[in-house]
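Architecture at a glance
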Amino acid sequence: MRCFRLTLCYEGTRYKGWQRQGNTPDTLQAKLEELLGRILEQEVELAGSGRTDAGVHARRQVCSFRADTAMSCEELLAALRRYLPEDVGALALEEAEPRFHARLSCTGKTYLYRVWNSEAPCVFERRWTAVFPAPLDTEAMERAAEKLTGTHDFTAFCANKHMKKSAVRTLRRVEITREGEELRLRFEGDGFLYHMVRILVGTLLEVGTGERDAAEMPAILASRDRSRAGFTAPAKGLTLWDVSYE
């Protein structure tokens, strides 16, 4: 049995997220497992570095699987590229060490959130950006972001009310940049909770409009209360940008 490491990119618009679900075949994990199963003529279980939500994209998603096959990585990669739909790309495939696991071996992730901050229509980037035309004070947003970086309990920024595992994560960096009409928020951390990035974005946007103050961030974190944080920003603005391994 060989262990493989597959690197993907995808536009998540028409998928119900990464994770396989019993009520729909339209998830990335289900589609890929079905395709790999047909190519390899055996059942394949795929593990992703993270479970992107419905409508979320990935510039670089890493996944792992095991298979009993004599096919070379080059042959398997070519077969994947032949049959994958246009909105999913197989970037690389390599054999990994037996203990490699895409999620458990991952040491960090970077997410990018794109905001179209203008009244002008956003036609060509509409699937990748969330429209938020209100004027934004980016300096206030940066002050708030500074208070959110570091190691904290991010329960207030998690949409899973029944999560039993620790919500402590390290948010290593938040970078806010403007490119013309577009505002880009980049988040780097050791891991992220369910909807965490989208709630962080919603909270920072509320700071940007003056609905809340940057100084509130420590109190929101300490409250561990989801209702104290901002709204959940739309999925389509979010892209899993990169994943890292030692």
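Everything discussed here concerns the structure shown above.
Residues numbered from 1 in each chain as written. Predicted model: local features only at pLDDT ≥ 70, side-chain atom pairs only at ≥ 80, totals over all residues. Heavy atoms only, no water.

**Considerations on the pattern of salt bridges**
In plain terms, the rule: The salt bridge definition used is simple: a Lys or Arg side-chain nitrogen within 4 Å of an Asp or Glu carboxyl oxygen. The secondary structure listing takes helices from DSSP runs of H or I that are at least 4 residues long and strands from runs of E that are at least 2 residues long, numbered from the N terminus. Here the term buried applies to any residue with accessible area under 20% of the maximum for its type, exposed to any over 50%, and partly exposed to those in between, with areas from a 1.4 Å probe on protein chains only.
Per the stated rule, a full pass over the model turns up 18 salt bridges. When the shortest N-O distance is used, the salt bridge between R2 and E95 registers 3.1 Å. Note that R2 is positioned in strand β1 (residues 2-10) and E95 in strand β4 (residues 88-96), a separation of 93 residues in sequence. R186 is the partner of E175 in a salt bridge, and the nearest nitrogen-oxygen pair spans 3.6 Å. One end of the pair, E175, is in strand β8 (residues 168-179); the other, R186, is in strand β9 (residues 182-189), with 11 residues separating them in the sequence. What makes E175 partly exposed here is its relative accessible area of 29%. Judged by relative accessible area, which is 22%, R186 ranks as partly exposed. What you see here is one network of salt bridges that share partners, running through R114, E125, E182 and R184.

**A word on helix α2 (residues 73-83)**
To be explicit about the condition: Arc definition: it is the arc formed by the directions from the helix axis to the C-beta atoms. Contacts between residues were defined by any pair of non-hydrogen atoms, one from each residue, lying within 4.5 Å.
Of the positions making up α2, those classed as buried are C73, L76, L77, A79 and L80. The buried residues of α2 all sit within an arc of 160° when viewed along its axis, so they share a single face. Those residues of α2 that are exposed and aimed more than 90 degrees away from the buried face are E74 and R82. Buried residues along α2 sit in contact with β1, α1 (28-40), β3 (57-67) and β4.

**So, the packing of aromatic side chains**
So the rule is basically this: A pair of aromatic rings is counted whenever rings of Phe, Tyr or Trp (Trp by its six-membered ring) have centres within 6.5 Å, and the orientation is called stacked for planes under 30 degrees apart, edge-to-face for over 60 and tilted otherwise.
On inspection of all chains with the given rule, the structure shows 6 aromatic pairs. Between Y10 and W18, the ring centres sit 6.4 Å apart and the planes meet at 25°, which makes this aromatic pair stacked. The exposure classification of Y10 matches that of W18, with both residues buried. For the ring pair F132 and F231, a centre distance of 6.3 Å and an interplane angle of 10° mean the geometry is stacked. In this pair, F132 is assigned in the loop between β6 (130-131) and α3 (138-148) and F231 in the loop between α5 (217-223) and β10 (238-245), connecting sequence segments 99 residues apart.

Shape is all these values report; function is a separate question.
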